[in-house]
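# Notes for the structure review
Letter by letter, the chains look like this.
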Amino acid sequence: MNALTYSRFGGPELLQHTQQPAPRVRAHHLLIRVRAVSVNPIDGKIRRGELRLLSGARFPKSPGSDFAGVVEEVGAGVEGFSVGDRVFGFPGSMREGTLAELITVAATSVARIPTGLDDVGAAAVSMVGLAALQALRDVASVAPGERVLVNGATGGVGLMLIQLARSRGAHVTAVTSAAGLDVARRFGAQAVHDYRARPLAMLGERFDVVFDLSTKLSFAEARGLLTPRGRHVGFEPSPASLIASKVLGPFRSQKQLLLVTRPSGRDLADLAVKLQAGELLPPPAEVFELSDARGAFERSERGGVIGKVVIRAAP
């Protein structure tokens, strides 16, 4: 089968189109023909070797953390899926990427794509939708009426956070560049802030929850933006932040919290219901064809993307 692979750790210039053995479906898994894959920051970290303790150093590797595709074969013990179903998912593996013609995925990490959503839109939602939903519900436990700040609001996770926080009854302030202000408003932010025009410390407000998607706002800096019992949620856990969260957390009224996105077909199905009903919009996408997959990763890693970068793997 065709696959995008790399044979050592490094930059996007290492990515090559190669022929690899097709995977065989296993029990409780689905064989998926991939139609689209989105580009996520973790992809670059894995490829550069920054997460080699989790990803391993066995090559060749394929990039890609999520997908939209079509069920090609159903493994033993799987119920609720049939050959030909359009599905999207986040396998959660750092060892096996999704940018290949065929992949095998646990059926529990997959859901059907809602009617009316194309492959690009489904791929754009899968991982970032899970991250936003789990951050709001499981990590920060956002309640109606709470004031939420989304720092770095116009990437994929940020735009999902704005919408899902609003649906939970929160008041949302979005922090982005000037280029993203209108998009943040369109996706539901009640207040917007251009971080280049005025430092966050000068907002003059306190928030119940600060979601830092920029990864540049430390907990120490965020504390001045938080209410006495506010929560700061980070999206790129490091050993130091994990230790600080676990060891110091019980002694602080303001909490430093961390998200580790987990695969969940059930959560994807919940997102699909909202997408189907028009209660949730997929983020805008810059679309690259598979032949220019390397360009897609280069574009994402330059930064400044509004929404998502998506690679269309098949027409």
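Right, let's walk through the structure included here. (Residues numbered from 1 in each chain as written. Predicted model: local features only at pLDDT ≥ 70, side-chain atom pairs only at ≥ 80, totals over all residues. Heavy atoms only, no water.)

### Examining the nonpolar core
Cut-off, in case you're wondering: Buried Ala, Val, Leu, Ile, Met, Phe, Trp, Tyr and Cys residues form a nonpolar core when they are joined through side-chain atoms within 4.5 Å. Relative accessibility under 20% of the residue-type maximum defines a buried residue, over 50% an exposed one, and the middle range a partly exposed one, all with a 1.4 Å probe and only protein chains included. Numbered from the N terminus, helices here are DSSP runs of H or I no shorter than four residues, and strands are runs of E no shorter than two. Every residue pair with non-hydrogen atoms within 4.5 Å of one another is taken to be in contact.
Counting residues in hydrophobic clusters, the biggest one holds 53 residues, and the most contacted among them are F88, L161, F211 and F235. Listing elements by their share of this core, those giving two or more residues are α3 (119–139), β8 (147–151), α4 (156–167), β9 (171–176), α5 (181–186), β11 (207–212) and α8 (265–277). Apart from the residues within four sequence positions on either side, F235 is in contact with A131, A135, V157, L161, F211, D212, L213 and L259. Within the second largest apolar cluster, 32 residues are counted, among which are L15, I32, F81 and A107.

### As for the packing of aromatic side chains
Put simply, the rule reads: We call Phe, Tyr and Trp rings a pair once their centres come within 6.5 Å, taking the six-membered ring for Trp, and we label the pair stacked below 30 degrees between planes, edge-to-face above 60, and tilted otherwise.
Summed over all chains, the structure comprises 3 aromatic pairs. Considering the side-chain rings of Y6 and F59, the 6.2 Å spacing of their centres and the 65° angle between planes classify their relative orientation as edge-to-face. One end of the pair, Y6, is in the loop between β1 (2–5) and β2 (16–19); the other, F59, is in the loop between α2 (52–55) and β4 (67–74), with 53 residues separating them in the sequence. Y6 sits in the buried class, given a relative accessible area of 2%.

### Remarks on α3
Quick note on the threshold: Here the expected span of a helix is defined as 1.5 Å times the quantity of residues minus one. A residue's bend is given by the angle between axes fitted to the 7 residues ending at it and the 7 residues starting at it.
In this model α3 runs 29 Å from its N-terminal to its C-terminal C-alpha over 21 residues, within 8% of the 30 Å that 1.5 Å per residue would give. Along its length, α3 reaches its greatest deviation from straightness, about 35°, at S126. The element α3 is extensively covered by neighbouring structure, given that 19 of its 21 residues are classed as buried. Where α3 ends, the next residue or the one after it, S141, has phi of about 50°, a positive value.

### Comments concerning the environment of R312
Formally: Polar contact is the term for a pair of N or O atoms within 3.5 Å; when the atoms are in protein, one must be able to donate a hydrogen and the other to accept it, and sequence-neighboring residues count only if both atoms are side-chain atoms.
Position of R312 among the secondary structure elements: in strand β15 (residues 308–312). R312 gets classed as partly exposed once you look at its relative accessible area, which sits at 33%. Beyond its immediate chain neighbours, meaning those up to four positions away, R312 contacts R35, A36, V120, V287, F288, E289 and L290. A distance of 2.6 Å separates polar atoms of two side chains, one belonging to R312 and the other to E289.

### What to know about unusual backbone geometry
With an omega of 0°, the peptide bond running from F59 to P60 counts as cis. With respect to the secondary-structure elements, P60 resides in the loop between α2 and β4. Of note, H28 is a non-glycine position whose phi angle comes to about 70°, a positive value. Structurally, H28 is set in the loop between β2 and β3 (29–39).

### Concerning the pattern of salt bridges
To keep things clear, this is the line we draw: A pair is scored as a salt bridge if a Lys or Arg side-chain nitrogen falls within 4 Å of a carboxyl oxygen belonging to Asp or Glu.
Applying the stated criterion across every chain, the model contains 16 salt bridges. As a salt-bridge pair, R86 and D119 come within 3.1 Å of each other at their nearest N and O atoms. Here R86 is found in strand β5 (residues 86–89), whereas its partner D119 is found in helix α3, with 33 residues between them in sequence. When its relative accessible area of 15% is taken as the criterion, D119 is described as buried. What you see here is one network of salt bridges that share partners, running through K45, R47, R48, E50 and E301.

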